[in-house]
Amino acid sequence: MFKSKKIAGLLFVFALVTGSAAIAQDPTMQQQQTVDVDVSDAELSKFAKAYQGLRMMNQQVNQKMMKTVQDGGLEVQRFNEIHQASQDPNKEVEASEEELEKHKTILTEIESMQGDFQKKMETTIKDQGLTVERYQKLAMALQSDQELQTRLQKMMQQGQG
């Protein structure tokens, strides 16, 4: 249960706030760890394809979540304010009972989408011949390895050209 709550929280951060690719990894861990990995061009190409697939999927999920929030009667920004305050005991937000009830209803609906989204993420990664763990390790390595970032950027530019 803890893992699904963590994933749901991360998906909110990625999909509703940053719009970045959804990588089920704690952002603070990425900043604190330097991962040294040996990556072949073939494996980096697999990562690039999986990353692009996740980016496209994330855009679709982002739109679906935003629509769910709006259909639930809250603006996305207001939903995020209430959600962040509910997750952080040091944060407070003034919200009416009606807003809190809408937030709870919307959150339940979005959480029901999480399992499907998580499976699609895993399938996208596995379809490229990577494990989720390896994808995460490469994503973490890319946070700190400038040479690896440059290789990935060149590969992605060539793939688009």
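Definitions and cut-offs
- Residues numbered from 1 in each chain as written.
- Predicted model: local features only at pLDDT ≥ 70, side-chain atom pairs only at ≥ 80, totals over all residues.
- Heavy atoms only, no water.
- Phe/Tyr/Trp six-rings, centres within 6.5 Å; stacked < 30°, edge-to-face > 60°.
- Helix = DSSP H or I, 4+ residues; strand = E, 2+ residues; numbered from the N terminus.
- Buried < 20%, exposed > 50% of the residue type's maximum accessible area, 1.4 Å probe, protein only.
- Expected span 1.5 Å × (residues − 1).
- Axes fitted to C-alpha atoms, helices over the stretch in contact; angles between N-to-C directions.
- Parallel < 35°, antiparallel > 145°, perpendicular 65-115°, else oblique.
- Contact = heavy atoms within 4.5 Å.
- Nonpolar A, V, L, I, M, F, W, Y, C, P; charged D, E, K, R; others polar.
- Salt bridge = Lys/Arg side-chain N within 4 Å of Asp/Glu carboxyl O.
- pLDDT = per-residue confidence, 0-100.
- Bend = angle between axes of the 7 residues up to and from the residue.

Caption draft 1: Spatial organisation of the packing of aromatic side chains. Counting across every chain of the model gives two aromatic pairs. Aromatic pair Phe47 and Tyr51: ring centres 6.3 Å apart, planes at 10°, arrangement stacked. Here Phe47 pairs with Tyr51, and both are found in helix 3 (residues 41-71), just four residues apart, close to one helical turn. Their ring planes at 20° and their centres at 4.5 Å tell us that Phe47 and Tyr135 sit as a pair that is stacked. Taken as a pair, Phe47 in helix 3 and Tyr135 in helix 6 (residues 132-144) lie far apart in primary sequence, 88 residues in all. Each member of the pair, Phe47 together with Tyr135, is buried. Through pairs of rings, three or more aromatic residues link up here, namely Phe47, Tyr51 and Tyr135.

Caption draft 2: Representation of helix 6. The end-to-end C-alpha separation of helix 6 is 19 Å, in line with the 18 Å expected for 13 residues at 1.5 Å each. Listed in full, the buried residues belonging to helix 6 are Val132, Tyr135, Gln136, Leu138, Ala139, Met140, Ala141 and Leu142.

Caption draft 3: Seen up close, the packing of helix 3 against helix 5 (residues 97-127). Contact geometry of helix 3 with helix 5 gives a least axis separation of 11 Å together with a crossing angle of 170°. When the interaxial angle is binned, helix 3 and helix 5 end up roughly antiparallel. Taken together, the residues of helix 5 that come into contact with helix 3 (itself represented by Ala50, Gly53, Leu54, Met57, Asn58, Val61, Lys64, Met65, Thr68 and Val69) are Ile106, Glu109, Ile110, Met113, Gln114, Phe117, Lys120, Met121, Thr124 and Ile125. Partitioning the contact of helix 3 with helix 5 into residue classes produces twelve nonpolar, five polar and three charged.

Caption draft 4: Geometry of the pattern of salt bridges. For the structure on display, the rule yields eight salt bridges. In this structure, Glu98 engages Lys102 in a salt bridge whose closest nitrogen and oxygen atoms are separated by 3.3 Å. Of this pair, Glu98 and Lys102 both sit in helix 5, separated by four residues, roughly a single helical turn. For Glu98, a relative accessible area of 52% gives the class exposed. For Lys102, a relative accessible area of 25% translates into the label partly exposed.

Caption draft 5: Molecular detail of the environment of Gln153. Within the secondary structure layout, Gln153 lies in helix 7 (residues 146-160). Take Gln153: its relative accessible area is 48%, and that puts it in the partly exposed class.

Caption draft 6: Focus on the confidence of the model for the protein. Mean pLDDT for the protein: 80, with 76% of residues reaching 70 or above. Contacts for the low-pLDDT stretch residues 1-32, under 50 throughout, to residues beyond four places or in other chains number 58 contacts.

Caption draft 7: Spotlight on helix 5. With 31 residues, helix 5 ought to run about 45 Å at 1.5 Å a step, and its terminal C-alpha atoms sit 45 Å apart, in line with that. Most pronounced at Gln114, the bend in helix 5 amounts to some 30°. Inspection of helix 5 places His103, Ile106, Leu107, Ile110, Met113, Gln114, Phe117, Gln118, Met121, Thr124 and Ile125 among the buried residues, and these make up the whole buried set. Gly129 lies just past helix 5 and shows a positive phi near 85°.

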